[in-house]
Amino acid sequence: MKMSRFCLRIRHSHLALAAAAAAALVASPTGTNAATILGTGTGALLGSDLTDPENDGTPDGSNYNATFAASEEPGFGGGEFAFNVFNNQVGGGNAKWCCGGASPGTFPIWVEATFEQPVVLTSFTLTSGNDTPGRDPVDWEILGTNDGATFSQIHVQSGSLWTARDQVILWEGAGADFATPAAYSTIRLNVIATGLTTGALFQLSEIEIFGNVVPEPSAIAFFGLAGLGLILRRRR
């Protein structure tokens, strides 16, 4: 009987430790960093992200459901400009963003998408460029803001996870790779370092942003009143 009670105590202790570890994982802003490689090329993209739910965005910047800004080369097309990371294409040329030559060694390099209503980020993908692995982001973070001035960290990454060119990698929330964040109207990729320090030192092919849109308070109030009216009618 003493041995059975001892084993039972150990088992309960192990269960408590497992529960504590699970709770710590959910609370951690970085989760397990167990990102998932989806494949390579445009076909590996998930599509229908928040910036372009209908997948009809054009290379010149039309039909997108967000406005964009960047620290360098803001625009679509051009000479591998920043907003090409939202154009649903993977590859070289204007299917990617490549920069850094104009201001060598200057970090952070960032690009962001701003939505009409706040969103709760649930997952995102990043796709490596078509050449020069040294240009891949090494140290970077995903940030959120509602005023363009105060940013909150949603996820932080140290070390490159890409193993191939034009490779699509998925990061997921709810504690898998990052904890469920608050709702933000702007989601920013903020790159702190790559494998290079001079010249065209940064590149990225694509970003996809997925999440749940938070209704405006006025919309919530409207539907709340409509529901109340329906209940009153039924009571009559």
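Nothing here was measured: the structure is a model prediction, and the numbers come from that model. (Residues numbered from 1 in each chain as written. Predicted model: local features only at pLDDT ≥ 70, side-chain atom pairs only at ≥ 80, totals over all residues. Heavy atoms only, no water.)

Novice: I keep staring at the overall build of the protein and nothing clicks. Help me out?
Specialist: Counting secondary structure elements, the protein contains two helices and 10 strands. Taken from N to C terminus, the helices and strands of the protein fall in the order α-β-β-β-β-β-β-β-β-β-β-α. Scored against the burial criterion, the 236 residues of the protein give a buried share of 41%. Considering only intrachain contacts with a sequence separation of at least 6, the fraction spanning at least 24 residues in the protein is 74%. Entry remark: accessible area of the protein is about 11800 Å², with carbon and sulfur atoms responsible for 59%. (Helix = DSSP H or I, 4+ residues; strand = E, 2+ residues; numbered from the N terminus. Buried < 20%, exposed > 50% of the residue type's maximum accessible area, 1.4 Å probe, protein only. Contact = heavy atoms within 4.5 Å. Areas by Shrake-Rupley, 256 points an atom, 1.4 Å probe, with all protein chains shown as cover.)

Novice: Please clarify how the nonpolar core should be interpreted in this entry.
Specialist: It is characteristic of soluble globular proteins that their nonpolar side chains tend to be buried jointly. Counting residues in each nonpolar core, the largest one holds 36 residues, and the members touching the most others are W97, V111, L126, L189, I207 and I209. Within the residue set of this core, elements represented by two or more residues are strand 2 (67-70), strand 3 (97-99), strand 4 (109-127), strand 5 (137-145), strand 7 (167-172), strand 8 (184-194), strand 9 (202-204) and strand 10 (206-213). The biggest single contributor to this core is strand 4, with eight residues. Setting aside residues up to four positions removed in sequence, V111 forms contacts with A69, A70, A82, F83, V85, F86, W97, I187, R188, L189 and I207. (Core = buried A, V, L, I, M, F, W, Y, C linked by side-chain atoms within 4.5 Å.)

Novice: Looking at this model, I keep getting lost on the layout of surface pockets. Mind explaining?
Specialist: Any empty space left between atoms is shown by rolling a water-sized probe over those atoms. Reported here for the largest pocket is a volume of approximately 150 Å³. Forming the walls of the largest pocket are L50, P53, N65, F115, E116, Q117, V119 and V213. Among the elements that line the lining of the largest pocket, the one with the most residues is strand 4, at four residues. For the lining of the largest pocket, the class distribution of residues is five nonpolar, two polar and one charged. (1 Å grid on protein atoms, 1.4 Å probe; cavity = no way out; pocket = protein on both sides within 12 Å on 5 of 7 lines; lining within 4 Å. Points joined across faces, edges and corners; volume = space filled by probe spheres on them. Nonpolar A, V, L, I, M, F, W, Y, C, P; charged D, E, K, R; others polar.)

Novice: Looking at this model, I keep getting lost on the pattern of salt bridges. Mind explaining?
Specialist: A side chain with one charge may pair with a side chain of the opposite charge, provided their charged atoms come close. Inspection of the entire model under this criterion finds four salt bridges. Where K96 meets D131, a salt bridge forms, and the shortest distance between an N and an O atom there is 3.2 Å. Here K96 is found in the loop between strand 2 and strand 3, whereas its partner D131 is found in the loop between strand 4 and strand 5, with 35 residues between them in sequence. Since its relative accessible area comes to 2%, K96 is described here as buried. Between D136 and R165 there is a salt bridge; the shortest N-O distance is 2.5 Å. Residue D136 is located in the loop between strand 4 and strand 5, and its partner R165 is located in the loop between strand 6 (152-158) and strand 7; the two are separated by 29 residues in the primary sequence. In this structure, a network of salt bridges that share partners links the residues K96, D131 and R135. (Salt bridge = Lys/Arg side-chain N within 4 Å of Asp/Glu carboxyl O.)

Novice: What's the story with empty space enclosed by the protein in this structure? I'm lost.
Specialist: Counted according to the given criterion, the structure contains one cavity of 30 Å³ or more. The volume enclosed by the largest cavity comes to roughly 70 Å³. Around the largest cavity sit 13 residues that line it, and I142, I187, L189, I207 and I209 are the ones nearest its centre. Taken together, the elements giving at least two residues each to the lining of the largest cavity come down to strand 4, strand 8 and strand 10. With six residues, strand 4 is the single largest residue contributor to the lining of the largest cavity.

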